[in-house]
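# A structural walkthrough
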Amino acid sequence: MDFRAEHIPTVDESGPDLAGPDLQPDEGVQHCLRVLSEAGLRPTRQRLALGQLLFLRGHRHVTAEGLHAEAIAANAYLSLATVYNTLNQFTEAGLLRRIAADGIKSFFDTDTSVHPHFYMEGEDMLVDVADGLTFTRIPEALPGHEIARLDVIVHLRRKHAS
Ligand SMILES: [Zn+2]
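## A look at the nonpolar core
Generally speaking, soluble globular proteins have nonpolar side chains that are buried together. The biggest cluster of nonpolar side chains holds 24 residues, and the ones touching the most others in it are Leu-50, Leu-54, Leu-67, Leu-87 and Phe-90. When contributions to this core are tallied by element, the ones reaching two or more residues are α1 (27–38), α2 (45–55), α3 (64–73) and α4 (80–92). In terms of residues, this core owes the most to one element, α2, which gives 6 residues. Aside from chain neighbours lying at most four places away, what touches Leu-87 is Leu-54, Val-62, Ala-64, Leu-67, Leu-96 and Phe-108. Grouped together as the second largest cluster of nonpolar side chains are 5 residues, Ile-99, Ala-101, Phe-107 and Leu-126 included.

This is the structure:
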């Protein structure tokens, strides 16, 4: 798990303009097209625009609101509802994992493996727990059930300066 991936600057912050009709398929677009087609999703303009923000920048944790702001900054004018819908489609297709960190707030993780997270309360940030988490005992599942997965979110808050 690469904890530092969150902080790696992107190659081209401006990003290609997907709103234009004469899209030049560069390497990033090609990669996105592959990701979408392997997931069985049609490469619509919205999916390509958001796919480039999600799948070309290493391991990421995003919220719909945060991704919407990034899309606008990259000149991909999508509504927040479209961003929500696309994130849900990506999640259903297995490209993202949804993590409910704080009540109604959902994060979408480009690493779909099961792994523990830190959630920074008040800062709206979710990052991977790099290591140091072990369990000595996991409870038995209830009769007729098996454990599907174990989601762990360690909530952090800023220490008060004393
Ligand atoms: Zn994660």
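## Side note on unusual backbone geometry
Phi angles above zero are rare outside glycine, and Asn-75 is one such case at about 65 degrees. Within the secondary structure, Asn-75 sits in the loop between α3 and α4. Judged by its relative accessible area of 35%, Asn-75 falls in the partly exposed class. A positive phi is found at Asp-124, a non-glycine position, where the angle reads about 55 degrees.

## Considering the coordination of the zinc ion
Angles at a metal have ideal values that depend on geometry: 109.5 degrees with four tetrahedral donors, 90 or 180 degrees with six octahedral donors. Protein coordination of the zinc ion is provided by His-61 (NE2), Asp-109 (OD), His-115 (NE2), His-117 (NE2) and Asp-128 (OD), with donor distances spanning 2.1 Å. Counting the intervening residues between successive donors of the zinc ion yields the motif H-x47-D-x5-H-x1-H-x10-D. Of this pair, His-115 sits in the loop between β3 (105–109) and β4 (117–120) while Asp-128 sits in strand β5 (residues 125–128), and the two are 13 residues apart along the sequence.

Criteria and cut-off values
- Residues numbered from 1 in each chain as written.
- Predicted model: local features only at pLDDT ≥ 70, side-chain atom pairs only at ≥ 80, totals over all residues.
- Heavy atoms only, no water.
- Core = buried A, V, L, I, M, F, W, Y, C linked by side-chain atoms within 4.5 Å.
- Buried < 20%, exposed > 50% of the residue type's maximum accessible area, 1.4 Å probe, protein only.
- Helix = DSSP H or I, 4+ residues; strand = E, 2+ residues; numbered from the N terminus.
- Contact = heavy atoms within 4.5 Å.
- Donors = N, O, S within 2.8 Å, 3.2 Å for Na, K, Ca; no water.

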